[in-house]
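Structural overview
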Amino acid sequence: MLYLSDPDVGTAAISQNEMARELGANKPTVNRSFKELHECGLAWSLEDGLYPLHPLLTGGKVASTPCDPGYQGR
């Protein structure tokens, strides 16, 4: 997701189906992996297909929403 993130705001726009295809993984693996990223506070979902990444991963770039690891998204 990092290589797909917008360099200005650090948000990746990709569906989980697209992630699975890009990674050569199945959707349950992508879902489980995303859940782990979310639990660690490294990524979360704003809406379907829009994933802000933690500023430590994006060189300080952040989306307009607060970087809150407890944010549940949609």
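No experiment lies behind these values; they were computed from the predicted model shown. (Residues numbered from 1 in each chain as written. Predicted model: local features only at pLDDT ≥ 70, side-chain atom pairs only at ≥ 80, totals over all residues. Heavy atoms only, no water.)

**Focus: the side chain of Thr58**
Checked against the element boundaries, Thr58 lands in the segment after strand 2 (50-52). Polar contacts involving the side chain of Thr58 include one to the main-chain carbonyl oxygen of Lys61, which spans 2.6 Å. (Helix = DSSP H or I, 4+ residues; strand = E, 2+ residues; numbered from the N terminus. Polar contact = N/O pair within 3.5 Å; in protein donor to acceptor, adjacent residues only side chain to side chain.)

**Considerations on helix 2 (residues 27-39)**
Helix length check: helix 2, at 13 residues, gives a terminal C-alpha distance of 18 Å against a target of 18 Å (1.5 Å per residue), a fit within 8%. When we look at burial in helix 2, the residues that qualify are Val30, Phe34 and His38. One face of helix 2 carries all of its buried residues, which in axial projection span an arc of 75°. Among the exposed residues of helix 2, those pointing more than 90 degrees away from its buried face are Lys35 and Glu39. Here the buried face of helix 2 lies against helix 1 (16-23) and strand 2. (Expected span 1.5 Å × (residues − 1). Buried < 20%, exposed > 50% of the residue type's maximum accessible area, 1.4 Å probe, protein only. Arc of directions from axis to C-beta. Contact = heavy atoms within 4.5 Å.)

**Some words on the environment of Gly49**
Within the secondary structure, Gly49 is located in the loop between helix 2 and strand 2. Sequence separation between Gly49 and Ser15 is 34 residues, and the spatial gap between their C-alpha atoms is 4.2 Å. Discounting chain neighbours no more than four positions away, the residues touching Gly49 are Ala12, Ala13, Ile14 and Ser15.

**A word on the packing of helix 1 against helix 2**
Running from N to C, helix 1 and helix 2 point in directions that differ by 105°, and their axes come no closer than 9 Å. As judged from the angle between their axes, helix 1 and helix 2 are roughly perpendicular. Within the contact between the two elements, helix 1 uses Gln16, Asn17, Met19, Ala20 and Leu23 and helix 2 uses Lys27, Val30, Asn31 and Phe34. (Axes fitted to C-alpha atoms, helices over the stretch in contact; angles between N-to-C directions. Parallel < 35°, antiparallel > 145°, perpendicular 65-115°, else oblique.)

**Some points on the packing of aromatic side chains**
A full pass over the atoms with the stated rule returns one aromatic pair. Judged by centre distance (4.9 Å) and plane angle (65°), the rings of Phe34 and Tyr51 are edge-to-face. You can see Phe34 sitting in helix 2 and its partner Tyr51 sitting in strand 2, a full 17 residues away along the chain. Each member of the pair, Phe34 together with Tyr51, is buried. (Phe/Tyr/Trp six-rings, centres within 6.5 Å; stacked < 30°, edge-to-face > 60°.)

**Some remarks on the nonpolar core**
In terms of nonpolar packing, the biggest core is built from eight residues, these being Ile14, Met19, Ala20, Val30, Phe34, Ala43, Tyr51 and Leu53. Breaking this core down by element, the ones donating at least two residues are helix 1 and helix 2. Those residues in contact with Ala20, other than ones at most four positions away along the chain, are Ala25, Asn26, Lys27 and Val30. (Core = buried A, V, L, I, M, F, W, Y, C linked by side-chain atoms within 4.5 Å.)

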